[in-house]
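Geometric and topological summary
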Amino acid sequence: FEAYLIKRASGVSAILGISLETAVSLCLGAVQVSNSVGAKAMLVSGEQSVIVDTGATVRVIGEPHMHLVRNVRDLGRSVKVNTADGQVEVSRLGDLPGLGGLMVGCLLIPTSKASLLPVVTVCEEKDCSFQIDQGGKGASFNRNGLEIQKLEKEGGLYVLPLDSNSLVDQGVDPESAL
């Protein structure tokens, strides 16, 4: 079964232009979006920010950013996704401009109260690390001991504003969605 899953996920990854790990999650039929983000998320982050979430495994564009989505495409069949508010079916992917291209190939979940950037997925794809400062005062993505993206903290959550020119992937056009 594992060999079959990897073969199938490789095809999904190539067709949709998403990472192999994200494709494996989609092929399993249920991915974990986040257990750490609740209604508080949008109260503190507002429309201008994407929540950087250590509990998420896939990129999500939620209700606050749906009007900014570009390059919408169908998954071919819907998949079940576990969210903090229960399970939802997702059938489309899209891109959120800005953020140095970090929000490309995102699951579109209009009922989500927030848009999420998954920390571990970004670290694996971009060969970087994530650090929370002592005392939780700040957080950043790092590469080879150098800070490449400082995050803002809003109401206890680390966020990345849409107009950020992310340095995590310097080869991507940092077009702003705003």
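For the structure, see preceding data.
The residue count restarts for each chain, going from 1 along the sequence in the order it is written. Given that the model is predicted, a residue must reach a pLDDT of at least 70 before its local features are reported, and side-chain atom pairs must reach 80 or more before they are shown or counted; all residues, however, enter totals for whole chains, interfaces and linings. Hydrogens are left out, water is left out, and the side-chain values use all remaining heavy atoms of the structure.

**Side note on the overall build of the chain**
Just so we agree on the cut-off: By definition, any uninterrupted DSSP run of H or I lasting at least four residues is a helix, any uninterrupted run of E lasting at least two residues is a strand, and each is numbered from the N terminus. Three exposure classes are used, based on accessible area relative to the maximum for each residue type with a 1.4 Å probe and protein chains only: buried under 20%, partly exposed in between, and exposed over 50%. Under the convention used here, a 1.4 Å probe and the Shrake-Rupley method define accessible areas, while residue burial counts only the protein chains that appear.
The helix and strand inventory of the chain stands at four helices and eleven strands. The 178 residues of the chain split such that 49% are buried. Carbon together with sulfur atoms contributes 51% to the accessible area of the chain, which is approximately 8700 Å² in total.

**Quick word on the nonpolar core**
So the rule is basically this: Here the nonpolar core consists of buried residues drawn from Ala, Val, Leu, Ile, Met, Phe, Trp, Tyr and Cys, with membership extended through side-chain atoms lying within 4.5 Å. Two residues qualify as a contact provided that any one of their heavy atoms is within 4.5 Å of a heavy atom in the partner residue.
Met103, Leu117 and Phe141 are the most contacted members of the largest nonpolar core, which has 23 residues in total. Only strand E2 (49-53), strand E6 (106-108), helix H4 (119-126), strand E9 (139-143), strand E10 (146-154) and strand E11 (157-161) provide two or more residues apiece to this core. The dominant element in this core, judged by the number of residues it contributes, is H4, at three residues. Not counting residues within four places of it along the chain, the set of residues in contact with Leu117 comprises Val50, Ile51, Val52, Asp53, Arg59, Leu102, Met103, Val122 and Leu160.

**Digging into the side chain of Thr83**
For clarity, the threshold we go by: N or O atoms closer than or at 3.5 Å make up a polar contact, with two conditions inside protein: a donor-capable atom paired with an acceptor-capable one, and, for residues adjacent in sequence, both atoms drawn from side chains.
As for its placement among the helices and strands, Thr83 is situated in strand E4 (residues 70-83). Polar side-chain contacts of Thr83 include one of 2.5 Å to the backbone oxygen of Gly86.

**Thoughts on the pattern of salt bridges**
Here is the rule we go by: The working definition used for a salt bridge is a side-chain nitrogen of Lys or Arg within 4 Å of a carboxyl oxygen of Asp or Glu.
All told, the structure shown has four salt bridges when counted by the stated rule. Between Arg73 and Asp95 there is a salt bridge, with the nearest N and O atoms lying 3.3 Å from each other. Taken as a pair, Arg73 in strand E4 and Asp95 in strand E5 (residues 86-95) lie far apart in primary sequence, 22 residues in all. Arg73 gets classed as buried once you look at its relative accessible area, which sits at 19%. Here Asp85 ties to Lys113 by a salt bridge, and the two come within 2.8 Å at their closest N and O atoms. Separated by 28 residues along the polypeptide, Asp85 in the loop between E4 and E5 and Lys113 in the loop between E6 and strand E7 (116-118) bring together distant segments of the chain. Classification of Asp85 by relative accessible area gives exposed; the value is 57%.

**Describing the environment of Lys137**
For Lys137, the location among the structural elements is in the loop between strand E8 (129-132) and E9. In this structure the C-alpha to C-alpha distance between Lys137 and Lys153, which are 16 residues apart in sequence, comes to 7.9 Å. Residue contacts for Lys137: discarding those within four places in its chain leaves Lys153 and Tyr158.

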